[in-house]
Amino acid sequence: MRTRPRRRGRPARPRSAIARPRLTRFRLPLQPGSRPAPRRPPESPRRPPAAPAEAAMGPARWLALGSLLALGARLEGRLVGEGDAGFGECDRFFYAGTPPAGLAAEGHVKICQRSAGAARFATLYSPADRGPVFSAFRDPRPAPAGKEPHWLVEPQIDDPNSNLEEVINEADAITTVDSLGSKQALTTDYLDSDYQRGQLYPFSLSNDLHMATFALTNAVPMTQTFQERWYMNLNSLMDRALTPQCGGGNHLYIITGAVPSDVKVKDRVTIPKFVWLAACCAVPGGGWAMGFVKHTTGGDVIEDVMVKELEKLLPSNPQLFQNNCGETEQDTEKMKKILEMVNQVQDEERMVQSKETTSAVPSTRSKRSALQPPEAPEERSSLLGNLIGFIATPFIKLSQLICCLVVGILKNTVYVLWYAAKQVINGIESCLYHLGSATISYFLAIGEELASIPWKVLKVILKIIRAILRILCCLLKVVCRILGIPVRVLVDVASFPVYTMGAIPIVCKDIAVGLGGAISLLFDTAFGTMGGLFQVVFSVFKRIGYKVTFENSGEL
(Lines give C-alpha, C1' and ligand atoms only; values in the text may rest on other atoms or scores of the structure.)
Protein backbone atom coordinates (compact mmCIF):
# COMPACT_ATOMS: atom_id res chain seq x y z
CA MET A 1 0.00 0.00 0.00
CA ARG A 2 1.43 3.42 -0.94
CA THR A 3 1.97 6.06 1.69
CA ARG A 4 2.37 9.75 1.10
CA PRO A 5 5.91 10.98 1.78
CA ARG A 6 6.45 13.84 4.14
CA ARG A 7 7.24 17.17 2.60
CA ARG A 8 10.91 17.94 2.83
CA GLY A 9 12.24 21.24 3.88
CA ARG A 10 9.51 21.71 6.50
CA PRO A 11 10.16 20.45 10.04
CA ALA A 12 7.52 18.30 11.73
CA ARG A 13 5.39 19.98 14.33
CA PRO A 14 6.05 19.06 17.95
CA ARG A 15 3.81 16.57 19.64
CA SER A 16 2.07 19.17 21.80
CA ALA A 17 1.09 21.18 18.71
CA ILE A 18 -0.39 18.08 17.06
CA ALA A 19 -2.50 17.18 20.07
CA ARG A 20 -3.77 20.73 20.70
CA PRO A 21 -7.36 21.16 19.38
CA ARG A 22 -8.96 24.47 18.61
CA LEU A 23 -10.98 26.07 21.37
CA THR A 24 -12.86 28.62 19.29
CA ARG A 25 -16.05 26.52 19.38
CA PHE A 26 -16.01 26.95 23.19
CA ARG A 27 -15.67 30.73 22.91
CA LEU A 28 -12.31 30.45 24.66
CA PRO A 29 -9.03 31.89 23.40
CA LEU A 30 -6.03 29.61 23.46
CA GLN A 31 -4.19 30.07 26.72
CA PRO A 32 -0.43 30.10 27.04
CA GLY A 33 -0.39 26.79 28.90
CA SER A 34 -1.56 24.87 25.83
CA ARG A 35 1.91 24.79 24.26
CA PRO A 36 5.20 24.25 26.06
CA ALA A 37 7.52 27.19 26.34
CA PRO A 38 11.04 26.79 24.96
CA ARG A 39 13.42 25.46 27.51
CA ARG A 40 16.25 27.67 28.54
CA PRO A 41 19.36 26.77 30.52
CA PRO A 42 19.29 27.63 34.21
CA GLU A 43 20.90 30.88 35.15
CA SER A 44 22.17 32.30 38.37
CA PRO A 45 19.64 34.53 40.11
CA ARG A 46 22.06 37.37 40.75
CA ARG A 47 24.66 36.93 37.97
CA PRO A 48 25.10 40.26 36.13
CA PRO A 49 25.01 40.09 32.32
CA ALA A 50 27.89 41.06 30.13
CA ALA A 51 28.36 44.75 29.35
CA PRO A 52 27.99 44.51 25.53
CA ALA A 53 24.78 42.53 25.82
CA GLU A 54 23.44 45.07 28.34
CA ALA A 55 24.27 47.93 26.02
CA ALA A 56 22.62 46.16 23.08
CA MET A 57 19.46 45.25 25.05
CA GLY A 58 19.16 48.62 26.80
CA PRO A 59 16.09 49.92 24.87
CA ALA A 60 14.35 46.56 25.03
CA ARG A 61 14.88 46.38 28.80
CA TRP A 62 13.54 49.90 29.28
CA LEU A 63 10.52 48.98 27.14
CA ALA A 64 9.94 45.82 29.20
CA LEU A 65 10.30 47.84 32.40
CA GLY A 66 7.73 50.35 31.17
CA SER A 67 5.26 47.61 30.25
CA LEU A 68 5.86 45.97 33.66
CA LEU A 69 5.09 49.25 35.47
CA ALA A 70 1.95 49.70 33.38
CA LEU A 71 0.87 46.13 34.20
CA GLY A 72 1.62 46.69 37.89
CA ALA A 73 -0.52 49.86 37.85
CA ARG A 74 -3.37 47.92 36.22
CA LEU A 75 -3.12 44.53 37.96
CA GLU A 76 -2.65 44.02 41.68
CA GLY A 77 -3.26 41.17 44.11
CA ARG A 78 -3.77 42.14 47.71
CA LEU A 79 -2.85 39.64 50.41
CA VAL A 80 -5.32 39.80 53.30
CA GLY A 81 -3.82 39.71 56.79
CA GLU A 82 -4.16 36.57 58.91
CA GLY A 83 -6.07 38.51 61.56
CA ASP A 84 -8.81 39.56 59.13
CA ALA A 85 -11.95 37.45 59.30
CA GLY A 86 -12.91 37.95 55.65
CA PHE A 87 -11.31 38.98 52.37
CA GLY A 88 -11.44 42.74 52.88
CA GLU A 89 -13.07 44.56 50.00
CA CYS A 90 -13.48 41.22 48.19
CA ASP A 91 -16.19 40.18 50.66
CA ARG A 92 -18.72 41.48 48.15
CA PHE A 93 -18.05 38.41 46.00
CA PHE A 94 -19.65 36.21 48.67
CA TYR A 95 -23.35 35.84 49.43
CA ALA A 96 -24.35 38.18 52.29
CA GLY A 97 -20.69 39.30 52.43
CA THR A 98 -19.74 36.10 54.27
CA PRO A 99 -16.97 33.75 52.96
CA PRO A 100 -17.46 29.97 53.22
CA ALA A 101 -17.12 28.67 56.76
CA GLY A 102 -14.89 25.64 57.31
CA LEU A 103 -12.68 25.72 54.18
CA ALA A 104 -9.94 28.01 55.51
CA ALA A 105 -7.22 26.15 57.39
CA GLU A 106 -3.93 27.04 59.04
CA GLY A 107 -1.38 28.20 56.51
CA HIS A 108 -3.90 29.22 53.84
CA VAL A 109 -3.47 32.64 52.24
CA LYS A 110 -6.38 34.97 51.45
CA ILE A 111 -5.95 36.96 48.23
CA CYS A 112 -8.15 39.78 46.98
CA GLN A 113 -7.34 39.96 43.27
CA ARG A 114 -7.58 43.48 41.89
CA SER A 115 -7.49 44.86 38.36
CA ALA A 116 -7.69 48.47 37.11
CA GLY A 117 -7.99 49.74 40.67
CA ALA A 118 -11.00 47.55 41.56
CA ALA A 119 -11.47 44.16 43.21
CA ARG A 120 -12.22 41.40 40.66
CA PHE A 121 -12.40 38.12 42.61
CA ALA A 122 -11.24 36.44 45.82
CA THR A 123 -8.95 33.40 46.15
CA LEU A 124 -8.10 31.15 49.10
CA TYR A 125 -4.63 29.73 48.36
CA SER A 126 -2.94 26.66 49.87
CA PRO A 127 0.89 26.92 49.91
CA ALA A 128 1.13 23.25 50.95
CA ASP A 129 -0.58 22.13 47.72
CA ARG A 130 0.71 25.10 45.68
CA GLY A 131 -2.78 25.65 44.37
CA PRO A 132 -6.03 27.49 45.14
CA VAL A 133 -8.67 26.04 47.44
CA PHE A 134 -11.39 28.13 45.80
CA SER A 135 -11.99 31.32 43.87
CA ALA A 136 -15.15 33.39 44.35
CA PHE A 137 -16.62 35.85 41.87
CA ARG A 138 -19.98 37.18 40.78
CA ASP A 139 -21.81 38.56 37.77
CA PRO A 140 -19.83 36.53 35.17
CA ARG A 141 -19.68 38.28 31.80
CA PRO A 142 -18.10 37.22 28.48
CA ALA A 143 -14.61 38.63 28.23
CA PRO A 144 -13.90 41.17 25.47
CA ALA A 145 -11.20 40.37 22.96
CA GLY A 146 -7.76 41.47 24.09
CA LYS A 147 -4.13 40.55 24.24
CA GLU A 148 -3.29 37.63 26.48
CA PRO A 149 -0.98 38.59 29.37
CA HIS A 150 1.74 36.37 30.75
CA TRP A 151 1.25 34.15 33.75
CA LEU A 152 1.87 36.01 36.98
CA VAL A 153 3.09 35.06 40.46
CA GLU A 154 2.68 36.48 43.99
CA PRO A 155 6.17 37.23 45.40
CA GLN A 156 4.81 38.03 48.88
CA ILE A 157 3.60 34.44 49.31
CA ASP A 158 7.20 33.22 49.26
CA ASP A 159 8.79 36.37 50.74
CA PRO A 160 6.44 38.59 52.80
CA ASN A 161 9.17 41.27 53.01
CA SER A 162 9.50 41.60 49.23
CA ASN A 163 9.05 45.13 47.90
CA LEU A 164 7.84 43.97 44.49
CA GLU A 165 4.31 44.35 43.21
CA GLU A 166 2.03 41.70 44.65
CA VAL A 167 1.32 40.32 41.18
CA ILE A 168 4.25 40.29 38.80
CA ASN A 169 5.68 38.38 35.87
CA GLU A 170 7.68 35.35 36.94
CA ALA A 171 10.61 36.29 34.70
CA ASP A 172 10.94 39.64 36.45
CA ALA A 173 10.68 38.17 39.95
CA ILE A 174 13.08 35.23 39.61
CA THR A 175 16.17 37.46 39.77
CA THR A 176 14.98 39.35 42.85
CA VAL A 177 13.22 36.85 45.12
CA ASP A 178 15.57 34.10 46.26
CA SER A 179 12.82 31.87 47.68
CA LEU A 180 10.43 32.24 44.74
CA GLY A 181 8.55 28.98 44.23
CA SER A 182 9.00 27.66 47.77
CA LYS A 183 5.28 28.04 48.50
CA GLN A 184 3.66 28.54 45.09
CA ALA A 185 3.69 26.96 41.66
CA LEU A 186 5.85 28.28 38.83
CA THR A 187 5.73 27.95 35.07
CA THR A 188 8.59 25.45 35.16
CA ASP A 189 6.45 23.05 37.21
CA TYR A 190 4.24 22.47 34.16
CA LEU A 191 6.96 22.14 31.51
CA ASP A 192 7.53 18.64 30.07
CA SER A 193 4.42 17.30 31.81
CA ASP A 194 0.98 16.19 30.73
CA TYR A 195 -0.72 18.95 32.70
CA GLN A 196 -1.62 22.54 31.98
CA ARG A 197 -2.55 25.50 34.13
CA GLY A 198 -6.32 25.31 34.54
CA GLN A 199 -8.02 28.39 35.96
CA LEU A 200 -10.67 28.03 38.65
CA TYR A 201 -12.04 31.43 37.61
CA PRO A 202 -11.82 31.03 33.82
CA PHE A 203 -10.69 34.02 31.79
CA SER A 204 -13.68 33.44 29.46
CA LEU A 205 -16.01 34.62 32.27
CA SER A 206 -14.01 37.70 33.27
CA ASN A 207 -14.97 41.12 31.91
CA ASP A 208 -11.69 42.92 32.65
CA LEU A 209 -9.62 41.77 29.65
CA HIS A 210 -9.06 38.48 31.56
CA MET A 211 -5.78 39.64 33.09
CA ALA A 212 -6.33 39.04 36.79
CA THR A 213 -7.38 35.45 36.21
CA PHE A 214 -3.93 34.57 34.79
CA ALA A 215 -2.30 34.57 38.21
CA LEU A 216 -0.81 31.17 39.01
CA THR A 217 -2.62 31.35 42.37
CA ASN A 218 -5.84 30.87 40.36
CA ALA A 219 -4.65 27.74 38.51
CA VAL A 220 -4.54 24.00 39.24
CA PRO A 221 -3.04 21.20 37.11
CA MET A 222 -5.46 19.92 34.46
CA THR A 223 -5.00 17.74 31.42
CA GLN A 224 -5.74 19.36 28.08
CA THR A 225 -8.88 17.28 27.45
CA PHE A 226 -10.23 17.85 30.94
CA GLN A 227 -9.52 21.57 30.73
CA GLU A 228 -11.39 21.92 27.45
CA ARG A 229 -14.43 20.05 28.76
CA TRP A 230 -14.40 21.95 32.07
CA TYR A 231 -14.37 25.30 30.25
CA MET A 232 -17.04 24.04 27.86
CA ASN A 233 -19.22 23.04 30.83
CA LEU A 234 -18.74 26.38 32.55
CA ASN A 235 -19.54 28.42 29.45
CA SER A 236 -22.62 26.32 28.64
CA LEU A 237 -23.94 26.41 32.21
CA MET A 238 -23.40 30.15 32.55
CA ASP A 239 -24.87 31.10 29.16
CA ARG A 240 -27.84 28.68 29.08
CA ALA A 241 -28.77 27.84 32.67
CA LEU A 242 -27.38 29.91 35.53
CA THR A 243 -27.31 33.47 34.17
CA PRO A 244 -30.73 33.39 32.38
CA GLN A 245 -32.45 32.02 35.51
CA CYS A 246 -30.94 34.70 37.76
CA GLY A 247 -32.06 37.95 36.19
CA GLY A 248 -29.11 38.22 33.83
CA GLY A 249 -26.52 37.37 36.52
CA ASN A 250 -26.65 40.61 38.52
CA HIS A 251 -27.43 38.69 41.72
CA LEU A 252 -25.38 35.55 40.93
CA TYR A 253 -22.58 34.45 43.29
CA ILE A 254 -20.13 31.78 42.03
CA ILE A 255 -17.53 29.77 43.97
CA THR A 256 -15.26 27.36 42.08
CA GLY A 257 -12.81 25.12 43.90
CA ALA A 258 -10.64 22.04 43.74
CA VAL A 259 -10.20 19.14 46.17
CA PRO A 260 -6.55 17.97 46.24
CA SER A 261 -5.52 14.37 45.69
CA ASP A 262 -2.40 12.46 46.71
CA VAL A 263 -0.68 12.91 43.32
CA LYS A 264 1.60 15.83 42.50
CA VAL A 265 3.23 17.20 39.35
CA LYS A 266 6.99 16.91 39.73
CA ASP A 267 6.38 16.30 43.42
CA ARG A 268 5.42 19.98 43.85
CA VAL A 269 1.95 20.97 42.60
CA THR A 270 -0.97 18.85 43.82
CA ILE A 271 -3.33 17.51 41.15
CA PRO A 272 -7.00 17.93 42.11
CA LYS A 273 -9.19 14.91 42.69
CA PHE A 274 -12.19 16.82 41.36
CA VAL A 275 -13.22 20.40 40.74
CA TRP A 276 -16.52 21.85 41.87
CA LEU A 277 -18.76 24.86 41.39
CA ALA A 278 -21.40 26.31 43.72
CA ALA A 279 -23.87 28.93 42.48
CA CYS A 280 -26.18 31.09 44.61
CA CYS A 281 -28.84 33.31 43.06
CA ALA A 282 -29.96 35.99 45.50
CA VAL A 283 -32.90 37.38 43.53
CA PRO A 284 -35.53 38.46 46.09
CA GLY A 285 -38.41 35.98 46.17
CA GLY A 286 -37.00 33.83 43.35
CA GLY A 287 -33.54 32.67 44.35
CA TRP A 288 -31.96 29.22 44.17
CA ALA A 289 -28.72 27.35 44.89
CA MET A 290 -27.05 24.60 42.83
CA GLY A 291 -23.79 22.67 42.90
CA PHE A 292 -21.73 20.89 40.25
CA VAL A 293 -18.87 18.37 40.45
CA LYS A 294 -16.49 17.09 37.76
CA HIS A 295 -13.91 14.37 38.47
CA THR A 296 -10.52 14.68 36.83
CA THR A 297 -10.22 10.94 36.12
CA GLY A 298 -12.56 8.47 34.48
CA GLY A 299 -13.95 10.78 31.81
CA ASP A 300 -17.18 11.38 33.73
CA VAL A 301 -19.53 14.16 32.68
CA ILE A 302 -20.27 17.04 34.98
CA GLU A 303 -22.68 16.09 37.78
CA ASP A 304 -25.37 18.31 39.31
CA VAL A 305 -25.80 18.09 43.08
CA MET A 306 -27.53 20.10 45.76
CA VAL A 307 -25.37 22.51 47.74
CA LYS A 308 -25.78 20.46 50.94
CA GLU A 309 -24.62 17.31 49.11
CA LEU A 310 -21.66 19.23 47.68
CA GLU A 311 -20.70 20.40 51.17
CA LYS A 312 -20.61 16.75 52.32
CA LEU A 313 -18.15 15.93 49.51
CA LEU A 314 -15.73 18.69 50.52
CA PRO A 315 -13.18 18.35 53.35
CA SER A 316 -14.39 19.33 56.85
CA ASN A 317 -18.00 19.62 55.61
CA PRO A 318 -18.06 23.44 55.24
CA GLN A 319 -20.97 25.85 54.73
CA LEU A 320 -20.52 27.52 51.36
CA PHE A 321 -23.35 30.07 51.61
CA GLN A 322 -24.75 31.72 54.70
CA ASN A 323 -28.22 30.40 55.55
CA ASN A 324 -27.85 28.03 52.57
CA CYS A 325 -28.52 30.93 50.18
CA GLY A 326 -32.00 31.65 51.56
CA GLU A 327 -33.13 28.04 51.45
CA THR A 328 -36.67 28.82 52.65
CA GLU A 329 -37.36 31.22 49.75
CA GLN A 330 -35.88 29.31 46.81
CA ASP A 331 -37.80 28.98 43.54
CA THR A 332 -38.23 25.30 42.62
CA GLU A 333 -39.52 26.08 39.13
CA LYS A 334 -36.29 27.85 38.17
CA MET A 335 -34.29 24.95 39.59
CA LYS A 336 -36.27 22.55 37.38
CA LYS A 337 -35.45 24.66 34.31
CA ILE A 338 -31.79 24.72 35.30
CA LEU A 339 -31.76 20.92 35.65
CA GLU A 340 -33.30 20.58 32.19
CA MET A 341 -30.50 22.67 30.68
CA VAL A 342 -27.93 20.73 32.71
CA ASN A 343 -29.25 17.49 31.19
CA GLN A 344 -28.76 18.99 27.72
CA VAL A 345 -25.19 20.01 28.60
CA GLN A 346 -24.49 16.50 29.87
CA ASP A 347 -25.91 14.96 26.68
CA GLU A 348 -23.74 17.25 24.56
CA GLU A 349 -20.66 16.27 26.55
CA ARG A 350 -21.46 12.59 26.06
CA MET A 351 -21.76 13.17 22.32
CA VAL A 352 -18.36 14.89 22.31
CA GLN A 353 -16.87 11.95 24.22
CA SER A 354 -18.36 9.45 21.79
CA LYS A 355 -17.03 11.39 18.80
CA GLU A 356 -13.58 11.53 20.34
CA THR A 357 -13.73 7.79 21.01
CA THR A 358 -14.70 6.96 17.43
CA SER A 359 -12.05 9.27 15.97
CA ALA A 360 -9.26 8.05 18.28
CA VAL A 361 -8.38 4.96 16.18
CA PRO A 362 -8.17 6.71 12.75
CA SER A 363 -6.19 9.62 14.23
CA THR A 364 -3.74 7.21 15.85
CA ARG A 365 -3.30 5.37 12.56
CA SER A 366 -2.68 8.62 10.69
CA LYS A 367 -0.10 9.75 13.28
CA ARG A 368 1.76 6.46 13.02
CA SER A 369 1.80 6.66 9.24
CA ALA A 370 3.02 10.26 9.42
CA LEU A 371 5.89 9.26 11.68
CA GLN A 372 7.09 6.45 9.36
CA PRO A 373 10.10 7.31 7.18
CA PRO A 374 9.38 7.85 3.47
CA GLU A 375 9.96 4.90 1.21
CA ALA A 376 12.41 4.88 -1.60
CA PRO A 377 11.16 6.03 -5.05
CA GLU A 378 11.99 2.66 -6.51
CA GLU A 379 9.81 0.84 -3.94
CA ARG A 380 6.87 3.24 -4.32
CA SER A 381 6.84 2.88 -8.06
CA SER A 382 7.09 -0.86 -8.12
CA LEU A 383 4.38 -2.71 -9.96
CA LEU A 384 4.02 -5.26 -7.20
CA GLY A 385 3.29 -2.55 -4.64
CA ASN A 386 0.66 -0.99 -6.89
CA LEU A 387 -0.98 -4.38 -7.48
CA ILE A 388 -1.09 -5.18 -3.76
CA GLY A 389 -2.50 -1.74 -3.00
CA PHE A 390 -5.15 -2.13 -5.72
CA ILE A 391 -6.19 -5.55 -4.37
CA ALA A 392 -6.11 -4.56 -0.68
CA THR A 393 -7.95 -1.24 -1.07
CA PRO A 394 -11.50 -2.75 -1.41
CA PHE A 395 -10.95 -4.98 1.61
CA ILE A 396 -9.65 -2.06 3.66
CA LYS A 397 -12.61 0.10 2.61
CA LEU A 398 -14.98 -2.76 3.42
CA SER A 399 -13.43 -3.25 6.86
CA GLN A 400 -13.65 0.49 7.51
CA LEU A 401 -17.30 0.45 6.46
CA ILE A 402 -18.01 -2.51 8.76
CA CYS A 403 -16.23 -0.76 11.63
CA CYS A 404 -18.22 2.41 11.03
CA LEU A 405 -21.47 0.43 10.94
CA VAL A 406 -20.61 -1.44 14.13
CA VAL A 407 -19.61 1.78 15.87
CA GLY A 408 -22.79 3.50 14.67
CA ILE A 409 -24.98 0.61 15.83
CA LEU A 410 -23.24 0.53 19.21
CA LYS A 411 -23.51 4.30 19.55
CA ASN A 412 -27.21 4.30 18.69
CA THR A 413 -27.77 1.38 21.07
CA VAL A 414 -26.04 3.30 23.83
CA TYR A 415 -28.15 6.36 23.00
CA VAL A 416 -31.35 4.30 23.14
CA LEU A 417 -30.36 2.66 26.41
CA TRP A 418 -29.36 5.99 27.85
CA TYR A 419 -32.65 7.56 26.75
CA ALA A 420 -34.62 4.67 28.28
CA ALA A 421 -32.62 4.88 31.50
CA LYS A 422 -33.13 8.62 31.54
CA GLN A 423 -36.89 8.22 31.13
CA VAL A 424 -36.97 5.62 33.90
CA ILE A 425 -34.95 7.88 36.16
CA ASN A 426 -37.22 10.81 35.35
CA GLY A 427 -40.26 8.64 36.13
CA ILE A 428 -38.73 7.55 39.42
CA GLU A 429 -37.86 11.15 40.25
CA SER A 430 -41.43 12.21 39.43
CA CYS A 431 -42.85 9.46 41.64
CA LEU A 432 -40.50 10.38 44.45
CA TYR A 433 -41.43 14.02 44.01
CA HIS A 434 -45.16 13.28 44.20
CA LEU A 435 -44.58 10.94 47.14
CA GLY A 436 -42.60 13.61 48.91
CA SER A 437 -45.27 16.22 48.17
CA ALA A 438 -47.99 13.91 49.52
CA THR A 439 -45.92 13.17 52.63
CA ILE A 440 -45.31 16.85 53.21
CA SER A 441 -49.03 17.59 52.75
CA TYR A 442 -49.89 14.80 55.21
CA PHE A 443 -47.50 16.11 57.83
CA LEU A 444 -48.73 19.65 57.25
CA ALA A 445 -52.33 18.49 57.86
CA ILE A 446 -51.22 16.68 61.02
CA GLY A 447 -49.36 19.78 62.12
CA GLU A 448 -52.42 21.94 61.57
CA GLU A 449 -54.55 19.56 63.63
CA LEU A 450 -51.95 19.48 66.40
CA ALA A 451 -51.75 23.24 66.33
CA SER A 452 -55.56 23.50 66.62
CA ILE A 453 -55.72 21.21 69.71
CA PRO A 454 -54.82 23.97 72.24
CA TRP A 455 -57.50 26.25 70.77
CA LYS A 456 -60.10 23.50 71.01
CA VAL A 457 -59.11 22.72 74.61
CA LEU A 458 -59.42 26.40 75.43
CA LYS A 459 -62.90 26.48 73.89
CA VAL A 460 -63.97 23.45 76.01
CA ILE A 461 -62.62 25.11 79.16
CA LEU A 462 -64.54 28.27 78.35
CA LYS A 463 -67.72 26.26 77.87
CA ILE A 464 -67.21 24.50 81.24
CA ILE A 465 -66.67 27.83 82.97
CA ARG A 466 -69.82 29.19 81.34
CA ALA A 467 -71.84 26.12 82.52
CA ILE A 468 -70.51 26.52 86.07
CA LEU A 469 -71.53 30.16 86.02
CA ARG A 470 -75.02 29.19 84.87
CA ILE A 471 -75.32 26.65 87.72
CA LEU A 472 -74.27 29.29 90.21
CA CYS A 473 -76.88 31.66 88.78
CA CYS A 474 -79.57 29.00 89.16
CA LEU A 475 -78.49 28.31 92.75
CA LEU A 476 -78.65 32.00 93.53
CA LYS A 477 -82.14 32.16 92.05
CA VAL A 478 -83.23 29.20 94.22
CA VAL A 479 -81.75 30.82 97.30
CA CYS A 480 -83.51 34.03 96.50
CA ARG A 481 -86.81 32.25 96.06
CA ILE A 482 -86.32 30.32 99.29
CA LEU A 483 -85.68 33.55 101.11
CA GLY A 484 -88.93 34.90 99.66
CA ILE A 485 -91.14 32.09 101.23
CA PRO A 486 -93.14 33.03 104.42
CA VAL A 487 -91.81 31.99 107.86
CA ARG A 488 -94.83 29.84 108.70
CA VAL A 489 -94.33 27.74 105.65
CA LEU A 490 -90.72 27.32 106.59
CA VAL A 491 -91.75 26.21 110.12
CA ASP A 492 -94.17 23.72 108.66
CA VAL A 493 -91.56 22.44 106.34
CA ALA A 494 -89.06 22.18 109.20
CA SER A 495 -91.59 20.39 111.47
CA PHE A 496 -92.66 18.03 108.71
CA PRO A 497 -89.89 15.55 109.43
CA VAL A 498 -90.85 15.49 113.14
CA TYR A 499 -94.46 14.71 112.40
CA THR A 500 -93.37 12.22 109.80
CA MET A 501 -91.13 10.38 112.25
CA GLY A 502 -93.91 10.31 114.85
CA ALA A 503 -96.42 8.90 112.36
CA ILE A 504 -94.12 6.12 111.26
CA PRO A 505 -94.93 3.73 114.22
CA ILE A 506 -98.64 4.24 113.81
CA VAL A 507 -98.43 3.65 110.10
CA CYS A 508 -96.31 0.56 110.71
CA LYS A 509 -98.87 -0.69 113.27
CA ASP A 510 -101.73 -0.12 110.87
CA ILE A 511 -99.83 -1.88 108.14
CA ALA A 512 -99.12 -4.83 110.44
CA VAL A 513 -102.80 -5.04 111.50
CA GLY A 514 -103.86 -4.87 107.91
CA LEU A 515 -101.42 -7.53 106.94
CA GLY A 516 -102.54 -9.77 109.85
CA GLY A 517 -106.20 -9.33 108.89
CA ALA A 518 -105.40 -10.09 105.28
CA ILE A 519 -103.50 -13.20 106.28
CA SER A 520 -106.23 -14.40 108.61
CA LEU A 521 -108.79 -13.71 105.91
CA LEU A 522 -106.72 -15.76 103.51
CA PHE A 523 -106.53 -18.63 106.02
CA ASP A 524 -110.28 -18.43 106.68
CA THR A 525 -111.00 -18.42 102.98
CA ALA A 526 -108.70 -21.34 102.38
CA PHE A 527 -110.08 -23.43 105.25
CA GLY A 528 -113.68 -22.58 104.30
CA THR A 529 -113.08 -23.52 100.72
CA MET A 530 -111.46 -26.79 101.70
CA GLY A 531 -114.30 -27.56 104.11
CA GLY A 532 -116.92 -26.92 101.43
CA LEU A 533 -115.06 -29.14 99.04
CA PHE A 534 -114.89 -31.92 101.60
CA GLN A 535 -118.61 -31.60 102.24
CA VAL A 536 -119.40 -31.77 98.52
CA VAL A 537 -117.15 -34.76 98.06
CA PHE A 538 -118.62 -36.46 101.08
CA SER A 539 -122.17 -35.86 99.94
CA VAL A 540 -121.36 -37.23 96.52
CA PHE A 541 -119.76 -40.33 97.87
CA LYS A 542 -122.65 -40.67 100.26
CA ARG A 543 -125.20 -40.62 97.51
CA ILE A 544 -123.21 -43.02 95.38
CA GLY A 545 -122.90 -45.43 98.27
CA TYR A 546 -126.66 -45.27 99.06
CA LYS A 547 -127.52 -45.97 95.46
CA VAL A 548 -125.24 -48.95 95.33
CA THR A 549 -126.75 -50.30 98.49
CA PHE A 550 -130.28 -49.93 97.16
CA GLU A 551 -129.44 -51.65 93.93
CA ASN A 552 -127.84 -54.51 95.77
CA SER A 553 -130.86 -54.89 97.96
CA GLY A 554 -133.21 -55.00 94.93
CA GLU A 555 -131.38 -57.82 93.38
CA LEU A 556 -131.72 -59.80 96.48
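Residues numbered from 1 in each chain as written. Predicted model: local features only at pLDDT ≥ 70, side-chain atom pairs only at ≥ 80, totals over all residues. Heavy atoms only, no water.

> How do you make sense of the packing of aromatic side chains when you look at a structure like this?
The geometry of an aromatic ring pair comes down to the distance between the two centres and the angle between the two planes. Here the structure, examined in full by the defined rule, presents eight aromatic pairs. Note on Phe-87 and Phe-94: the rings are 5.3 Å apart at their centroids and 40° apart in plane angle, and the pair reads as tilted. With respect to class, Phe-87 is no different from Phe-94; both count as buried. Taken together, a centroid distance of 3.9 Å and an interplanar angle of 15° make the contact between Phe-137 and Tyr-201 stacked. (Phe/Tyr/Trp six-rings, centres within 6.5 Å; stacked < 30°, edge-to-face > 60°. Buried < 20%, exposed > 50% of the residue type's maximum accessible area, 1.4 Å probe, protein only.)

> Can you walk me through the environment of Gln-199 in this structure?
Relative to the helices and strands, Gln-199 is located in strand β7 (residues 196-199). A sequence separation of 64 residues divides Gln-199 from Ser-135, and the C-alpha atoms of the two residues are 9.3 Å apart. (Helix = DSSP H or I, 4+ residues; strand = E, 2+ residues; numbered from the N terminus.)

> I keep staring at the pattern of salt bridges and nothing clicks. Help me out?
Proximity of charged atoms lets side chains of opposite charge pair with each other. Inspection of the entire model under this criterion finds seven salt bridges. We note a salt bridge from Asp-189 to Arg-268, for which the minimum N-O separation is 2.7 Å. Taken as a pair, Asp-189 in the loop between α5 (170-173) and β7 and Arg-268 in the loop between β9 (252-265) and β10 (269-281) lie far apart in primary sequence, 79 residues in all. Note that Glu-327 is salt-bridged to Lys-308, the shortest N-O span being 3.1 Å. One end of the pair, Glu-327, is in the loop between α8 (323-326) and α9 (332-371); the other, Lys-308, is in helix α7 (residues 307-313), with 19 residues separating them in the sequence. You can call Glu-327 partly exposed: its relative accessible area is 39%. Several salt bridges converge on common partners, so that one network encompasses Asp-347, Arg-350 and Lys-422. (Salt bridge = Lys/Arg side-chain N within 4 Å of Asp/Glu carboxyl O.)

> What exactly am I supposed to notice about the state of the cysteines here?
Think of a disulfide as a covalent bridge from one cysteine sulfur atom to another cysteine sulfur atom. Scanning the entire structure with this criterion turns up three disulfides. The residue that forms a disulfide with Cys-246 is Cys-281, at a sulfur-sulfur distance of 2.1 Å. Between Cys-246 and Cys-281, the S-S dihedral sits near 100°, and the bridge is therefore right-handed. Here Cys-246, found in the loop between α6 (224-242) and β9, pairs with Cys-281, found in strand β10; they are 35 residues apart in sequence, far enough to count as distant. There is no split in this pair, since Cys-246 and Cys-281 are both buried. Each disulfide pairs two cysteine sulfurs, and for Cys-280 the partner residue is Cys-325, the sulfurs being separated by 1.9 Å. An S-S torsion of about 85° defines the bridge between Cys-280 and Cys-325 as right-handed. (Disulfide = S-S within 2.5 Å.)

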